[in-house]
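Examining the three-dimensional arrangement
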Protein chains: 2
Amino acid sequence: MCQLLGMNCNTPTDIVFSFEGFRLRGGLTDSHADGFGIAFFEGKGVRLYHDDAPSASSPVADLIKTYQIKSENVIAHIRKATQGETALANTHPFMRELWGEYWVFAHNGNLRGFHPAVGQYYRPVGNTDSEKAFCHILEQLRQTFDTKPDEQTLTAHINVLVKDIRNYGLFNFLMSNGDMMFAHATTLLHYIVRQAPFGEAVLLDDDINIDFSAVTTPNDRVAVIATLPLTTNEKWQQLAVNELVCFREGKVIYSDAPEPKQYLNIEEGLKIARSVGAAGCSSSSNKP
Amino acid sequence: MCQLLGMNCNTPTDIVFSFEGFRLRGGLTDSHADGFGIAFFEGKGVRLYHDDAPSASSPVADLIKTYQIKSENVIAHIRKATQGETALANTHPFMRELWGEYWVFAHNGNLRGFHPAVGQYYRPVGNTDSEKAFCHILEQLRQTFDTKPDEQTLTAHINVLVKDIRNYGLFNFLMSNGDMMFAHATTLLHYIVRQAPFGEAVLLDDDINIDFSAVTTPNDRVAVIATLPLTTNEKWQQLAVNELVCFREGKVIYSDAPEPKQYLNIEEGLKIARSVGAAGCSSSSNKP
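The structure contained in this document is the topic of the report that follows. (Residues numbered from 1 in each chain as written. Chains lettered and ligands numbered in written order. Predicted model: local features only at pLDDT ≥ 70, side-chain atom pairs only at ≥ 80, totals over all residues. Heavy atoms only, no water.)

1. Some thoughts on the relation of the copies chain B and chain A
We count it as follows: For this overlay, a least-squares fit was computed on C-alpha atoms, restricted to residues scoring pLDDT of at least 70 in both copies. Note on definitions: a residue-residue contact is assigned when non-hydrogen atoms from the two residues lie within 4.5 Å.
Of the two same-sequence chains, chain B is brought onto chain A (RMSD 0.0 Å, axial shift 0.0 Å) by a rotation of 180°. Between the two chains, the operation in question is that of a two-fold axis. Minimal C-alpha separation from the rotation axis in chain B is found for Tyr-121 of chain B, amounting to 2.9 Å. Looking at the interface residues of chain B, 100% of them are also at the interface in chain A, so both copies use one shared face.

2. Comments concerning unusual backbone geometry
Convention followed: Strands are runs of DSSP state E lasting at least two residues, helices are runs of H or I lasting at least four, and both sets are numbered from the N terminus onward.
In this chain, Ala-196 of chain A is followed by Pro-197 of chain A through a cis amide linkage whose omega measures -5°. As for its position among the elements, Pro-197 of chain A is in the loop between β9 (190–195) and β10 (200–202). With an omega of -5°, the peptide bond running from Glu-259 of chain B to Pro-260 of chain B counts as cis. If you trace the backbone, Pro-260 of chain B turns up in the loop between β15 (251–256) and α5 (266–275). Of note, Glu-249 of chain A is a non-glycine position whose phi angle comes to about 50°, a positive value. By secondary structure assignment, the location of Glu-249 of chain A is in the loop between β14 (243–248) and β15 (251–256). Within the chain, Asn-242 of chain B stands out as a residue other than glycine whose phi angle is a positive 65°. Mapping Asn-242 of chain B onto the fold places it in the loop between β13 (237–238) and β14 (243–248).

3. Thoughts on the packing of helix α1 (residues 16–24) of chain A against helix α2 (residues 59–67) of chain A
All names here are of chain A. To keep things clear, this is the line we draw: To get an axis, a line is fitted to the C-alpha atoms, and for a helix only the part in contact is used. The angle between two axes follows their N-to-C directions and goes from 0 to 180 degrees. For this classification, under 35 degrees means roughly parallel, over 145 means roughly antiparallel, 65 to 115 means roughly perpendicular, and everything else is oblique. Left-handed describes a crossing in which the near helix is turned anticlockwise from the far one by less than a right angle; the clockwise case is right-handed. Under the scheme applied, nonpolar residues are Ala, Val, Leu, Ile, Met, Phe, Trp, Tyr, Cys and Pro; charged residues are Asp, Glu, Lys and Arg; polar residues are all the others, including Gly.
Relative to each other, α1 and α2 sit at 155°, their axes nearing to 9 Å. If you check the angle between α1 and α2, you find them roughly antiparallel. For the pair α1 and α2, the crossing hand works out as left-handed. Here Val-16, Phe-19, Glu-20 and Arg-23 of α1 come into contact with α2, specifically with Ala-61, Asp-62, Ile-64 and Lys-65. Looking at the contact of α1 with α2 residue by residue, the class counts come to 4 nonpolar, no polar and 4 charged.

4. A short note on the nonpolar core
Formally: Think of a nonpolar core as a cluster: buried Ala, Val, Leu, Ile, Met, Phe, Trp, Tyr and Cys residues, connected wherever their side-chain atoms sit within 4.5 Å. Only protein chains enter the accessibility calculation, which uses a 1.4 Å probe; a residue is then buried when its area is under 20% of its type maximum, exposed when over 50%, and partly exposed in between.
Membership of the largest hydrophobic core comes to 56 residues, with the highest contact counts inside it found for Trp-103 of chain A together with Trp-103 of chain B. Those residues within four positions of Trp-103 of chain A in sequence are excluded, and the remaining contacts are Phe-94, Met-95, Arg-96, Leu-98, Phe-134, Leu-138, Leu-154, Ile-158, Met-175, Ser-176, Asn-177 and Phe-182 of chain A. With 48 residues, the next largest nonpolar core counts Phe-19, Ile-192 and Leu-230 of chain A together with Val-74 of chain B among its residues.

5. Considering the pattern of salt bridges
Residue and element names in this part refer to chain B. Heads up, the rule is: The working definition used for a salt bridge is a side-chain nitrogen of Lys or Arg within 4 Å of a carboxyl oxygen of Asp or Glu.
What the rule picks out here adds up to 28 salt bridges over all chains. Between Arg-248 and Glu-151 there is a salt bridge; the shortest N-O distance is 2.0 Å. Of this pair, Arg-248 sits in strand β14 while Glu-151 sits in helix α4 (residues 151–165), and the two are 97 residues apart along the sequence. Under the relative-accessibility criterion, Glu-151 is labelled partly exposed at 30%. Close ionic contact of Lys-163 with Asp-256 constitutes a salt bridge, the shortest N to O distance being 3.4 Å.

6. Points about the sheet that holds strand β6 (residues 101–111) of chain B
Residue and element names in this part refer to chain B. Counted only if it meets this: Any two strands with at least two DSSP bridges between them are considered paired.
An order of β5-β6-β7-β8-β14-β15 is seen for the 6 strands of this open sheet, with the pairing classed as antiparallel. The open sheet has two free edges, formed respectively by β5 (94–98) and β15, since each of these has just one partner strand. Strand after strand, the sheet turns through a mean of 25° between neighbouring axes, direction not considered. Where β5 and β6 come together, 5 bridges link them in antiparallel fashion. Its bridge partner lying in β6, Leu-98 is registered against Glu-101.

7. Topic: the interface of chain B and chain A
Accessible area lost upon the coming together of the parts serves often as the stated size of an interface. For the record, the criterion: Accessible area that two parts lose when put together, evaluated with a 1.4 Å probe and summed over both, is termed the buried area.
Taken together, the contacts link 33 residues of chain B with 33 residues of chain A. Summed over both partners, the interface of chain B with chain A comes to about 3000 Å²; 52% of that surface belongs to carbon and sulfur atoms. Summed over the three residues of chain B that lose the most area to chain A, namely Leu-88, Arg-123 and Val-125 of chain B, the buried surface amounts to 22% of that side. Remark: the boundary between chain B and chain A carries 6 salt bridges. Note that Arg-47 of chain A is salt-bridged to Asp-51 of chain B, the shortest N-O span being 3.3 Å. Counting only elements with at least two residues in the side of chain B that touches chain A, the list comes to β3 (45–51), α2 (59–67), β5, β6 and α3 (129–144) of chain B. The element that contributes the greatest number of residues to the side of chain B that touches chain A is β3 of chain B, accounting for 7 residues.

Right, here's the structure in full:
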């Protein structure tokens, strides 16, 4: 299974601590060794780094560590390829422009028989079901709204689109326009909101800890979203099965999940991911 | 004035030699110290690196040197800001998807009073005239052709669009879809096609030389395009004023320039660039 990492904050924050634990899963503490990608919003602009080297040993990942880029919205993806080529065009996150904003999307899952019509506004470049799903979401939004609608309308509309797409299979994803961060779980996705009073956090994947109170101000609020919790001593909130959550400025501003809420335990979630053939990560083509 | 660097080849080639000379103009041998960007096509995918640090000292540029990415199409841009903010959203090259392909564009120049209508398919994210011009080209292509036309039709159509846009000012640019590389000069742009028998080249901006015969095969063909020649011992071909050239597989496949051809000498070209207010590089907003 691939893994997702996202961050949404109310002040530009560097993701190095979380990314350090996350990247080790790309070839060291776990086996997602088939490349990675990370997108940092900086104002309306995006720094987008892709690499087909394992994130644990990638020089691009080393750069991210040393450069300490500060961003209010970050989406990262590490990949375990199971079928198809590891072409750069198939590497998450994907990026497109909509309504004069960049939108970024990364997916962990596998959609079967998902063949939306060729878009008028958005067409995939690679051959993954992930990029197809992203283009389909943007296409439907653009066809419906010539300019960006208000937040409530936009969120409700995305929720309707997501409910349709998830009928095709595993659809864990992160999507951001540099302002809002959408997170949806079919199986596993967890988040934590860090805010004052800040404490210490200890990474699960490495012998590193950090005292957030030393590197934050009392007003900072940072939401970190990850497939699996990254720290051992904090309480991560799990997304329910088929829950869509939207974050802004480090805060949950919207969530919707079928009642009664169902939560997979991690073993169950990983088992489902492994059982769907593509091991829950499709960067490969989705042939009928 | 900003500077442009492009490469178009018939086999994946690393641009490190040319980039090493070019990047030194970003803060060391010349004063284009306000960030840089570089895009490498890899198949249909693109690695896109932007940085607001001067290219001469940027860790992102260091990464490019050490990583030796091989690509058939590369576009790089170093920037000297003269007005407006150096926001990441205004950093060249810009990228969009058209007909299921990524297109990449970088501009050295300044367009005055250029205000195309809001696009149906493409809208700028930043506030540069450069991104406006790029979006306008793609918008007109997409409005005219639902799918990619044949090469001749496409090239002729782009030529018509370029002839219109250059009425608004300095429009030196490079644009590629990972297959073709378009280069247009209002003032200064030079290129060289390196092919067998390969010889030695000596960088103008650094004490480096390279024997291409040791790092190539007899079938390799590499076109390098740059604002100013990068080497001292090779004969660079200058683009005429208002000449559009298209390269594929390291070869010129199309060119069009008004007759009689006019060639600016470098001093003249630099003087014109300096005299247009934005010193020939607009990464700033273009207010009426």
